[in-house]
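Each chain is listed here by its residues.
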Amino acid sequence: QSYTFHLFSVMESLEKTRELGVRFIEIYPGQKMGEGFGDALFGYQLEQDQQKRLKEEAEARNIKIISSGVWTGQRAEWESIFSFAHSMGMEFISAEPAREDWDVVEELAEKYRIKVAVHNHPSENSYWKPEILLNNIEGRSQLTGACADVGHYKRMGLDPIASLQQLDGKVIALHF
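Heads up: these notes are all about the structure in this document. Bear in mind the structure is a predicted one, so any value in this text is a computation, not a measurement.

1. What to know about the overall build of the protein
Working step 1: Each helix and strand counted, the protein has seven helices and six strands in total.
Working step 2: Its helices and strands taken in sequence order, the protein reads α-β-α-β-α-β-α-β-α-β-α-α-β from the N to the C terminus.
Working step 3: Computed over its C-alpha atoms, the radius of gyration of the protein comes to 16 Å, within 12% of the 16 Å expected for a compact globule of 176 residues.
Working step 4: On the principal axes, the C-alpha backbone points of the protein span a range of 45 × 30 × 25 Å.
Working step 5: Within the protein, the proportion of its 176 residues that are buried is 49%.
Working step 6: Here the contacts in the protein between residues at least 6 apart in sequence split such that 66% fall between residues at least 24 apart.

2. With respect to a nonpolar patch on the surface
Working step 1: A cluster of nonpolar side chains, contributed by Val171, Leu174 and Phe176, occupies part of the molecular surface with about 330 Å² of accessible area.
Working step 2: Among the secondary structure elements, Leu174 is positioned in strand 6 (residues 171–175).

3. What to know about the pattern of salt bridges
Working step 1: All chains considered together, the criterion is met by 11 salt bridges.
Working step 2: For the salt bridge of Glu15 with Arg18, the shortest nitrogen-to-oxygen distance reads 2.5 Å. A residue pair is termed a helical-turn pair when its members lie 3 or 4 positions apart in one helix, as Glu15 and Arg18 do in helix 1 (residues 10–20) at three residues.
Working step 3: Residue classification places Glu15 among the partly exposed positions, given a relative accessible area of 24%.
Working step 4: Here Arg18 falls in the partly exposed class, since its relative accessible area comes to 39%.
Working step 5: Of the charged contacts in the structure, one is a salt bridge between Arg61 and Glu15, with a shortest N-O distance of 2.9 Å. Of the two residues, Arg61 sits in the loop between helix 2 (48–60) and strand 2 (64–71) while Glu15 sits in helix 1, which places them 46 residues apart along the sequence.
Working step 6: The network of salt bridges with shared partners includes Glu15, Arg18, Arg53, Glu57 and Arg61.

4. Regarding the side chain of Thr17
Working step 1: Of note, Thr17 is situated in helix 1.
Working step 2: Of the residues examined, Thr17 reaches a relative accessible area of 4% and is grouped as buried.
Working step 3: One polar contact links the side chain of Thr17 to the main-chain carbonyl oxygen of Ser13, over a distance of 2.7 Å.
Working step 4: Residues within four places of Thr17 in sequence aside, it is in contact with Phe5, Val22, Phe24, Ile25 and Ile63.

5. Quick notes on the packing of aromatic side chains
Working step 1: Applying the stated criterion to the full structure yields six aromatic pairs.
Working step 2: Taken together, the ring pairs in this structure connect Trp78, Phe82 and Tyr112 into an aromatic cluster.
Working step 3: Against the face of Phe8 rests Lys16, its NZ or CZ located 4.3 Å from the ring centre.
Working step 4: Of note, Arg99 hangs over the ring of Tyr127, and the distance from its end group to the ring centre comes to 4.4 Å.

6. Structural notes on the sheet that holds strand 3 (residues 92–95)
Working step 1: The parallel open sheet is built from six strands, whose spatial order is 1-2-3-4-5-6. Two strands lie at the open edges of the sheet, namely strand 1 (24–27) and strand 6, each paired on one side alone. The mean inter-strand angle of the sheet, taken between neighbouring strand axes irrespective of direction, is 25°.
Working step 2: The sheet contact formed by strand 1 and strand 2 spans four bridges and is parallel. For Ile25, the partnering residue across the bridge sits in strand 2 and is Ile65.

7. Brief notes about helix 1
Working step 1: Three or more residues of helix 1 are buried, namely Val10, Met11, Ser13, Leu14 and Thr17. Here the buried residues of helix 1 occupy an arc of 160° about the axis, which is enough to place them on one side.
Working step 2: Taken together, the buried residues of helix 1 touch strand 1 and helix 2.
Working step 3: Where helix 1 ends, the next residue or the one after it, Gly21, has phi of about 80°, a positive value.

Each value, and the rule that gives it
Residues numbered from 1 in each chain as written. Predicted model: local features only at pLDDT ≥ 70, side-chain atom pairs only at ≥ 80, totals over all residues. Heavy atoms only, no water. Helix = DSSP H or I, 4+ residues; strand = E, 2+ residues; numbered from the N terminus. Rg over C-alpha atoms; globule rule 2.2 N^0.38 Å. Buried < 20%, exposed > 50% of the residue type's maximum accessible area, 1.4 Å probe, protein only. Contact = heavy atoms within 4.5 Å. Patch = residues over 30% accessible without salt bridge, like charges linked within 9 Å, V, L, I, M, F, W, Y side chains within 5 Å. Areas by Shrake-Rupley, 256 points an atom, 1.4 Å probe, with all protein chains shown as cover. Salt bridge = Lys/Arg side-chain N within 4 Å of Asp/Glu carboxyl O. Polar contact = N/O pair within 3.5 Å; in protein donor to acceptor, adjacent residues only side chain to side chain. Phe/Tyr/Trp six-rings, centres within 6.5 Å; stacked < 30°, edge-to-face > 60°. Lys NZ or Arg CZ within 6 Å of the ring centre and 35° of its normal. Pairing = 2+ DSSP bridges. Axes fitted to C-alpha atoms, helices over the stretch in contact; angles between N-to-C directions. Arc of directions from axis to C-beta.

This is how it looks when you write it as structure tokens:
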């Protein structure tokens, strides 16, 4: 997750990721793009030529931009978020959709064939407990699952191992 490098630009984050020998990255919305991108921020507002250049920069470093997030979009933004993820060749997005947006998010996941990995920010209003997430995705597309942040489980007083065990078969991504 590029938030690890939140004091740096996307371009610097790609280079640091390469230096670590990691081949995949999830970039967070709003991160400054950096050198060669002017004042642009990472997100669905990037123009097609900027998206193309970003993919080329990642490929030159043998890195795949596998995901972006954590998205907490408004209902009207979800189409733009999924369209952007599709254009960038992402496999999933990490997100915390509003409970009332699940039908829209599920429909777009199916339309674009992009997984939705639901994050667990440490807030009583989020999907902070595995049971909350599981109740919200029960009976939904197989494209829905968890982006489990083990540090956040700990912050909320949950055992990270037990939490991951509860999510067996539903974990799409992990944040450490």
